[in-house]
Amino acid sequence: MAAPIKYTAVGLFLAIIADLSGLVHLDDEFEGSRTLTLEHSFTIDGNAIFSKRGTVVIRSLKGNKAHFTPASDFTREDINLLKKASSQKGLYQLRVPVKEGSQQYVSTFIPACALYESSLNDQLTINFDQSGEVLGLSVVTTPGICVGLNVPASNFSDWKTTVEVMQTVSGPVPDTQTYIDKMNRDKVEKEKGGQNDNRSFFGKYWMYIVPVVILMMIATSQDPNAGGGGR
Ligand SMILES: *[C@@H]1O[C@H](CO)[C@@H](O)[C@H](O)[C@H]1NC(C)=O
């Protein structure tokens, strides 16, 4: 019975190796530089007007290598918009397309005052799924609280933005080819298991079979001696 268990373990191990190599393959496929356009809106009374904030260049998803390039300087107009949104308890909204060129967006927001009081010091996190599409976007500022500061305009000369990218590690995904391979492996295992059972049957019961055979041989050879003189 130990042998089939051993083969199952080997099969499982092979299946894990196959899955891992599949993941590595996927990662390789989606490595390589690409860009996402980041858009923002200083939203007052729920009226979001998105404009380009900059570009996120992702060099490597696995290595978390990404950086942000602003589209333009933070203009006086931007400063006024941010100040207005901040004082009127508006929102600062951000969005990125699920992939470059897509009209589908993933978005997030913080109170506008948080960005204002941080002097444009924000940290972005972009989450990607296994296929390399954007799953989530989040933003925090440092400091992350609003205490009613009056920040000088000179503090808004440039973004102090950091970007982090993360790829979600998913569990097993439906994969027909791997499943078929697994079925074939199971079949081979079963055949091997069957052979082992046959062998182990003789191996296991030889001590019962051999005495019976010997007894039968003794019995047949002693019969002609009429009742056995030994007794
Ligand atoms: C303006 O920026 C300077 C330098 O980054 C910082 O020390 C200061 O706290 C900022 N002012 C406000 C009101 O946030």
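Residues numbered from 1 in each chain as written. Predicted model: local features only at pLDDT ≥ 70, side-chain atom pairs only at ≥ 80, totals over all residues. Heavy atoms only, no water.

Visitor: What am I meant to see in the sheet that holds strand S8 (residues 162-167) here?
Guide: Strands in a sheet are paired, the pairing made by backbone hydrogen bonds, and the direction either parallel or antiparallel. Taken in spatial order, the 3 strands make up an open sheet running S7-S6-S8, and their pairing is mixed. With one partner strand each, in any of the chains shown, strand S7 (134-141) and S8 form the two edges of the open sheet. Strand-to-strand twist across the sheet, computed as the mean angle between neighbouring axes with direction ignored, equals 15°. (Pairing = 2+ DSSP bridges. Helix = DSSP H or I, 4+ residues; strand = E, 2+ residues; numbered from the N terminus. Axes fitted to C-alpha atoms, helices over the stretch in contact; angles between N-to-C directions.)

Visitor: Please explain the packing of aromatic side chains as it appears in this structure.
Guide: The geometry of an aromatic ring pair comes down to the distance between the two centres and the angle between the two planes. In the structure shown here, the tally under the stated rule is 7 aromatic pairs. On the numbers, 6.2 Å between centres and 35° between planes, the contact of Tyr-205 with Tyr-208 is tilted. Taken together, the residues Tyr-205 and Tyr-208, both in helix H4 (residues 176-222) and 3 residues apart, mark about one turn of the helix. You can call Tyr-205 partly exposed: its relative accessible area is 34%. When its relative accessible area of 54% is taken as the criterion, Tyr-208 is described as exposed. Members of the aromatic cluster, connected to one another through ring pairs, are Phe-42, Phe-74, Tyr-92, Tyr-116, Phe-156 and Trp-159. Across from the ring centre of Trp-159, 3.4 Å away, lies the NZ or CZ of Arg-53, which sits over that ring. A cation over a ring is seen here: Arg-95 above Phe-50, with NZ or CZ 4.1 Å from the ring centre. (Phe/Tyr/Trp six-rings, centres within 6.5 Å; stacked < 30°, edge-to-face > 60°. Buried < 20%, exposed > 50% of the residue type's maximum accessible area, 1.4 Å probe, protein only. Lys NZ or Arg CZ within 6 Å of the ring centre and 35° of its normal.)

Visitor: Before we go on, may I ask you to explain the UniProt feature "transmembrane region" (unreviewed entry) in the protein in this structure?
Guide: When the UniProt feature table is mapped onto this chain numbering, "transmembrane region" (unreviewed entry) sits at residues 205-221. Between the C-alpha atoms that bound residues 205-221 there is a distance of 24 Å. The span itself is 100% helix and 0% strand. (UniProt positions renumbered as here; feature names shortened; annotations may be inferred.)

Visitor: Can you walk me through helix H2 (residues 76-87) in this structure?
Guide: Residue pairs spaced three or four apart in an α-helix point in one direction, given the helix's 3.6 residues per turn. With 12 residues, H2 ought to run about 16 Å at 1.5 Å a step, and its terminal C-alpha atoms sit 16 Å apart, in line with that. Restricting attention to buried positions, one finds in H2 the residues Asp-78, Ile-79, Leu-82, Ala-85 and Ser-86. All buried residues of H2 lie within an arc of 135° about the axis, which places them on one face of the element. Residues of H2 that are exposed and point over 90 degrees away from its buried face: Arg-76, Glu-77 and Ser-87. Contact partners of the buried residues in H2: strand S1 (34-43) and helix H3 (112-117). Just downstream of H2, Lys-89 is the residue with a positive phi angle, here 55°. (Expected span 1.5 Å × (residues − 1). Arc of directions from axis to C-beta. Contact = heavy atoms within 4.5 Å.)

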